[in-house]
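Architecture and fold: a report
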Amino acid sequence: MNRRSALYSAVIVLLLLVVIVLQILSMIQSDRLYERLNRIAGISKPQKTEARVKEGIKNEYPGDDGDWLIWCINSEPSNFNPITSSDAVANYVVSGNIFETLIEYNEDTFEHKPLLAKSFAISEDGLQIDFILRDDITFSDGHPVTADDVIFSYNTIINPGVDALSYANYLQDVDHVVKMNDRHVRFIMKRVYFRSLSICGGIPVIPEHIYRFSSPDEFNKRISNPVGSGPYIFEKWEVGREIIIRKNLDYWGKMPNVDKIIFRVITNDAAAVQALRAGQVDFIKQPSPELFSEMSQNRDFTEKFHCLSYWHPGVGYFWIGWNQDRPFFRDKRVRQAMTHILDRENIIKHILKNPEAMIPTGNFYIHGPQYDSAIIPWPYDPERAKQLLDEAGWVDTNGNGIRDKDGVEFRFKYQIVGGTSIHEQMAKLVKDAAAKVGIEVEIDPYEWSVFINRVYDRKFDAVNLATVGGLAGDPYQTWHSSQIGNRGSNYVGFNVAEADKLMEEARVTIDDEKRNKLYHQFHRILHEEQPHTFIYTRPGEAFLSKRFENVKMHLLGINHFEWYVPKENQRYR
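These remarks concern the structure in this document. (Residues numbered from 1 in each chain as written. Predicted model: local features only at pLDDT ≥ 70, side-chain atom pairs only at ≥ 80, totals over all residues. Heavy atoms only, no water.)

**A few points about the pairing of strand 8 (residues 232-238)**
- One ladder, built from six bridges, connects strand 8 with strand 9 (residues 242-247); its direction is antiparallel. Following the sheet pairing, Ile233 is matched in strand 9 by Arg246.
- If you look at the hairpin formed by strand 8 and strand 9, you'll find three residues sitting between the two strands, and Gly240 has a positive phi there, around 85 degrees. (Pairing = 2+ DSSP bridges. Helix = DSSP H or I, 4+ residues; strand = E, 2+ residues; numbered from the N terminus.)

Structure representation (structure tokens):
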């Protein structure tokens, strides 16, 4: 009996060992799968893909519930439809607050993590992506979020009649989307795309029962009263004054502390700071550079307000775009000349007054691997600018002080947002610098909503604007020739066959190092062609009332969902 017992015990131990080994092998295989998933997404670290349990939802962050955040915005949003809008100010209002996506980024590791999805997986060949939705997710009206809503959102974006070309081009590598069941959607790719997980998982999910439409034009006209699954609900839009969103008390996820966010429109920078000091607003994101420089050195101000400065991939860059449909800017020598006439180091020193700001040479995040740091910015050199203009055939043939070519005088309109300090200062600099080389500039200001629609329709000669950045950027939307017209984002009409080819190849290159080499080649073409004059990139900056606590700096920036106001400092009920 003892021998049998010993033999029996040995068999049991052996079986347990086999089970453990199989479990370990299964875990290794799983890790390999997600390592590949991360490689395809352009991320190097492994990640967990299961959503956290809903326990402890209400007060996961420290601090008290209550109070309002009054957020100053410097222009009137034009559209709160997350699919047709590319308005950065509108994005502040709806993204994350009202509308959510299947997955999101970890703010400090840049790894993907579940949001509306509780898990996700990608096939070994990168051509199939599965999302399993959470069981407890609902829209703010109580309707459950299902696979039908995800597929409806996707189909709406790719509908050729919907004003979403800039978004749809990212989804062009998706062949179709399959509803496996109410909680399971599968994206089938035509080809590998290095951002496929980010793009498919980043679709804003809109409720089909609310946004269903009979014609694309009907959908395009829906610009207000947004309904989503996020922690806030749209309350009202008082045009010219403010937009109010309030806490969604039935939110499926972790509840924010702040009861209301009021986005108050103040277009004048100095007036915005006055309102901040008077307690009429709490938060200003990206104040004018000169005001940030001045106020961050003011002791009385810094005792009451956080002065936040932080690099992150979304900082983007400020640029002047030259519309290549216009006769003035068809020749790259002219575009190079326009860059040479601007003293960008002086702009950084005297307008930005920010020693951390830098002159970029391309569109990628200046501290990221896609950016080719070996490329040197074109120098300030008015004499070289004159030579280039002469070579391009723009000379003063009649002695009136204005260059001309083929009977066309070099006079153009420079479109800006009126009442915006940085735009107005830049416009004056461009006007003065151009006059010194025989070019006449007319400053052409517009209110924001008119301005941005003119940009979309390419109704400008030259324009200045800022472009936000992102992780693992894909320049296709902004620079590929297919994005010219039809409200695509290639506003300046950049059209270089070699650049198109490099962007297309980079999209299907999974290996980070190989893809970045392709982007470095693209970067050099961009530098040579100068479709934009890249003026500066700078850290993100913000002012925030010190009654808000738990203000953290993340690699992705700051997160207002973490903030709270202690009960004793709360102003609003």
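Additional details are given in the paragraphs that follow.
**Quick notes on the packing of helix 17 (residues 497-507) against helix 18 (residues 512-529)**
- Running from N to C, helix 17 and helix 18 point in directions that differ by 160 degrees, and their axes come no closer than 9 Å. Comparing the axis directions of helix 17 and helix 18 gives the class roughly antiparallel. Taken as a pair, helix 17 and helix 18 cross one another with a handedness that is left-handed. On helix 18, the residues touching Glu498, Ala499, Leu502, Met503, Glu505 and Ala506 of helix 17 are Arg515, Leu518, Tyr519, Gln521, Phe522 and Ile525. (Axes fitted to C-alpha atoms, helices over the stretch in contact; angles between N-to-C directions. Parallel < 35°, antiparallel > 145°, perpendicular 65-115°, else oblique. Left-handed = near helix turned anticlockwise from the far one by under 90°. Contact = heavy atoms within 4.5 Å.)

**Comments concerning the packing of aromatic side chains**
- Counted under the stated rule, the structure contains 38 aromatic pairs.
- Centroid distance Phe328 to Trp394: 5.9 Å. Interplanar angle 45 degrees. Geometry classified as tilted. With Phe328 in the loop between strand 13 (317-322) and helix 11 (332-340) and Trp394 in the loop between helix 13 (382-391) and strand 14 (404-405), the pair connects residues that are 66 residues apart, well separated along the chain. Considered together, Phe328 and Trp394 belong to a single accessibility category, that of buried residues.
- Both rings, one in Tyr456 and one in Tyr491, keep their centres 6.3 Å apart while their planes meet at 40 degrees; by these two values the pair is tilted. Taken together, the residues Tyr456 in helix 15 (residues 448-456) and Tyr491 in the loop between helix 16 (476-479) and helix 17 connect sequence positions 35 residues apart. (Phe/Tyr/Trp six-rings, centres within 6.5 Å; stacked < 30°, edge-to-face > 60°. Buried < 20%, exposed > 50% of the residue type's maximum accessible area, 1.4 Å probe, protein only.)

**Here we look at the pairing of strand 4 (residues 117-122)**
- Relative to strand 5 (residues 128-133), strand 4 runs antiparallel, the two being bridged by five bridges. Paired with Ile122 across the bridge in strand 5 is Ile129.
- If you look at the hairpin formed by strand 4 and strand 5, you'll find five residues sitting between the two strands, and Gly126 has a positive phi there, around 75 degrees.

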